[in-house]
Amino acid sequence: MFASPTDLVAPLDEDAEAPVSGLQVGAAEVVTQLTGAASANATADRWNVHGTDLGHMFLHNDDLYMMFGDTYGPDGGDWRSNVLARIADPDPRNGLSFAAMAETADGSASELVRASRVPGVEWTVIPTNAISASGKMIMHYMSVRMWGPDDRWYVRRSGLAWSKDNGQTWTRSQTAVWPAGTGFEQVAYVERGGMIYVFGIPQGRFGGTKLGRVTPEAMLDPASYEYWDGARWVPNIRAAVEVVPPSVGELSVAWSEANQRWLMMYYEPNLRAVVLRHALALTGPWSEMQIVADSRDYPGLYAPYIVPGADIDGELYFTMSRWKPLYNVFLMKARLDPETLATQVSTIPAPSTPTE
């Protein structure tokens, strides 16, 4: 079930045709609650994590890590903007038990990157994804100025922070900073063939998805990134085109060797659902949407993150957050059936096939 990162390399065929066979995803079900007082990980008692969200994952030095956003102690106290757990057993079929969290001296989960806590300037610093590159953990964060109405928030800038001691201490890069408005305020990372591919969405949940790439050693240098303009890779971030149309919320992307497809999961705010698309190439065209989990079954759902490293065959494991009154992270799974023609729920056509 669990594969090494090198096993996940797949072709990036930029002349790929649209998928010709279906991939049907079944309704998601809860495997276990991962955080909070009611979780098997007992994070409230062990690390003072009573409520948290996100739970995106990355492999580093053969261990699986899970990163969370705004985190609270009892009754909403002891606010930390971002915390990190190390998974004891990376096989999601075994429930993703936590071996440790980055801690303060009193044993509470520690804040990795401190926020200024100034509304209108920097209210919080949310990690949108992380990856292991060139011997370092690298976190992409968004510096949130303020929260808006449902599914909207306003970002001051985005940037990268790094750790060389397995996540115990973090340094914000002074060079890897992007102003708001680039369309890469929130990201999902994929490593393939010596490159890091970056799927970007703007602040909030109502934009489309764009695509960039960079070599691992140059991640901290914004000038080294290239962006897909629909036909080729170019250095101008403003030339990046949408490879998936709006509306795309928090997202993750992974390769399924068994199904020979890239899979993309994200929160779709108009449907209030977690949805899945698939493609032969990272540049697309991406299939139409299928609903994986619905807010009628899981009120307040958002932020689906595929468990990395897993050999995604007939089952797809992912984390999913839920908002009030739960505000915690759950491990979910859904059935994948490559034999059945997929039932599509979107009428938006897939982007045209890119050519070099």
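The structure under discussion appears in the preceding block.
Residues numbered from 1 in each chain as written. Predicted model: local features only at pLDDT ≥ 70, side-chain atom pairs only at ≥ 80, totals over all residues. Heavy atoms only, no water.

## Section: the sheet that holds strand β18 (residues 261–268)
Piece 1. Reading across the sheet, the four strands line up as β17-β18-β19-β20 and stay open at both edges, with antiparallel pairing between neighbours. Whereas interior strands pair on both sides, the edge strands pair on one side only; in this sheet they are β17 (251–256) and β20 (290–294). With strand direction ignored, the average angle separating the axes of adjacent strands in the sheet is 25°.
Piece 2. Where β17 lies against β18, six bridges are found, and the strand directions are antiparallel. Looking at β18, one finds that Ala254 is bridged to Leu263. (Pairing = 2+ DSSP bridges. Helix = DSSP H or I, 4+ residues; strand = E, 2+ residues; numbered from the N terminus. Axes fitted to C-alpha atoms, helices over the stretch in contact; angles between N-to-C directions.)

## Thoughts on the pattern of salt bridges
A pair can form between side chains of opposite charge whenever their charged atoms are brought close.
Piece 1. By the definition in use, this model includes 13 salt bridges.
Piece 2. Glu111 serves as the salt-bridge partner of Arg117, at 2.9 Å between the closest nitrogen and oxygen.
Piece 3. For Arg117, a relative accessible area of 23% puts it in the partly exposed group.
Piece 4. On the basis of relative accessible area, Glu111 is assigned to the buried category, the value being 15%.
Piece 5. Via salt bridges that share partners, Asp151, Arg205, Glu250 and Arg272 belong to a single interconnected network. (Salt bridge = Lys/Arg side-chain N within 4 Å of Asp/Glu carboxyl O. Buried < 20%, exposed > 50% of the residue type's maximum accessible area, 1.4 Å probe, protein only.)

## Observations regarding the nonpolar core
Piece 1. Judged by nonpolar contacts, the single largest core of 51 residues is most densely connected at Leu96 and Val292.
Piece 2. Ranked by residues supplied to this core, first place goes to strand β23 (residues 328–337) with six residues.
Piece 3. When neighbours within four sequence positions are excluded, Val292 is seen to be in contact with Val25, Gly26, Ala27, Ala28, Met265, Val274, Val275, Leu276, Phe318 and Ala334. (Core = buried A, V, L, I, M, F, W, Y, C linked by side-chain atoms within 4.5 Å. Contact = heavy atoms within 4.5 Å.)

## Observations regarding the packing of aromatic side chains
Piece 1. Taken as a whole and judged by the stated rule, the model has 14 aromatic pairs.
Piece 2. Consider the rings of Phe58 and Tyr65, whose centres lie 5.7 Å apart with planes at 20°: the pair is stacked. Each member of the pair, Phe58 together with Tyr65, is buried.
Piece 3. Here the aromatic cluster, defined as three or more aromatic residues joined through ring pairs, consists of Tyr72, Trp79, Trp123, Trp323 and Tyr327.
Piece 4. Lying across the ring of Trp79, Arg117 places its NZ or CZ 3.8 Å from the centre.
Piece 5. Over the aromatic face of Tyr141 sits the side chain of Arg172, whose NZ or CZ is 4.9 Å from the ring centroid. (Phe/Tyr/Trp six-rings, centres within 6.5 Å; stacked < 30°, edge-to-face > 60°. Lys NZ or Arg CZ within 6 Å of the ring centre and 35° of its normal.)

All we've got here are geometric facts, nothing functional implied.
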